[in-house]
Amino acid sequence: MSTSKDDKGAAAVEFALILPVLILLIGGIVDFGRAMYTEVMLTNASREGARTAIINEATLSDVRTRASAAAPTITVTTNATMCGGAGSSTTVTSSTPFNWVILGPALRMFNADSALPNSFSSQAVMRCS
């Protein structure tokens with residue numbers, strides 16, 4: 001197989017053109033994976049906080065401690081409306097800030113970073129016994 005002198009650097013040029021798109025694609029996959037992980041952890045934290053609130057007349061401090069323990073890899077801010085008696089319900093809301101490592105800077109270059117949320121939140125409601 002013979003190549004002409006003009007085709008010698010074509011593969012390097014093609015690779016250089018495709019590389020930024022490939023890096024952005026892989027970075028987007030990683031960022032969205034992190035976002036989904038954060039959502040699952042927040043849902044877990046809210047649910048565990050609500051379970052704690054309906055059991056054994058827990059305090060708001062107990063709810064916050066349990067919600068934070070359910071999501072150890074992220075910083076969780078938890079608020080709750082506690083049980084008001086049998087038949088009422090408790091609502092626990094957990095939230096956390098989120099930093100887009102690859103997609104955030106990439107979209108800032110095009111002034112479109114407002115398309116991505118800067119924080120995530122989750123809410124759990126359970127009936128008090």
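Data block above holds the structure.
First, a word on scope: everything that follows refers to the structure included in this document. Predicted, not measured: the structure shown is a model, and the values here were computed from it. (Residues numbered from 1 in each chain as written. Predicted model: local features only at pLDDT ≥ 70, side-chain atom pairs only at ≥ 80, totals over all residues. Heavy atoms only, no water.)

### Here we look at the packing of helix H1 (residues 10–54) against helix H2 (residues 60–70)
For any two helices packed against each other, the geometry comes down to the angle between their axes and how far apart the axes lie. Contact pair H1 / H2: the axes reach a minimum separation of 8 Å and the direction vectors enclose 145°. Taken as a pair, H1 and H2 cross one another with a handedness that is right-handed. Contacts between H1 and H2 involve Met41, Asn44, Ala45, Glu48, Gly49, Thr52 and Ala53 from the first element and Asp62, Val63, Arg66, Ala67 and Ala70 from the second. Per-class residue counts for the contact of H1 with H2 are 6 nonpolar, 3 polar and 3 charged. (Axes fitted to C-alpha atoms, helices over the stretch in contact; angles between N-to-C directions. Helix = DSSP H or I, 4+ residues; strand = E, 2+ residues; numbered from the N terminus. Left-handed = near helix turned anticlockwise from the far one by under 90°. Contact = heavy atoms within 4.5 Å. Nonpolar A, V, L, I, M, F, W, Y, C, P; charged D, E, K, R; others polar.)

### Section: the side chain of Ser122
With respect to the helices and strands, Ser122 occurs in strand E3 (residues 119–127). Contacts of Ser122, omitting those with residues within four sequence positions, involve Leu42, Thr43, Ser46, Val92, Thr93 and Ser94.

### Remarks on the pairing of strand E2 (residues 89–97)
Across 5 bridges, strand E1 (residues 77–81) lies against E2 in antiparallel orientation. Residue Thr78 lies in a different strand from E2, and its bridge partner there is Ser94. In the sheet, E2 pairs with E3 via 9 bridges, with the strands oriented antiparallel. Residue pairing across strands places Ser89 opposite Arg127, the latter belonging to E3. (Pairing = 2+ DSSP bridges.)

### As for the state of the cysteines
Scanning the model with the defined rule gives 1 disulfide in all. Note that Cys83 is cross-linked by a disulfide to Cys128, the S-S spacing being 1.9 Å. Because the torsion about its S-S bond is -90°, the bridge between Cys83 and Cys128 counts as left-handed. Of the two residues, Cys83 is situated in the loop between E1 and E2 and Cys128 in the segment after E3; the sequence distance between them amounts to 45 residues. Given a relative accessible area of 31%, Cys83 falls into the partly exposed group. Accessibility expressed as a relative area gives 5% for Cys128, which makes it buried. (Disulfide = S-S within 2.5 Å. Buried < 20%, exposed > 50% of the residue type's maximum accessible area, 1.4 Å probe, protein only.)

### Remarks on the packing of aromatic side chains
Going through the model one piece at a time under the given rule, you end up with 4 aromatic pairs. Centroid distance Phe32 to Trp100: 5.6 Å. Interplanar angle 70°. Geometry classified as edge-to-face. Of this pair, Phe32 sits in helix H1 while Trp100 sits in the loop between E2 and helix H3 (103–108); the two residues are 68 residues apart in sequence, bridging distant segments of the chain. With relative accessibility at 45%, the residue Phe32 sits in the partly exposed group. An aromatic cluster of at least three residues, connected via ring pairs, comprises Phe32, Phe98, Trp100 and Phe120. (Phe/Tyr/Trp six-rings, centres within 6.5 Å; stacked < 30°, edge-to-face > 60°.)

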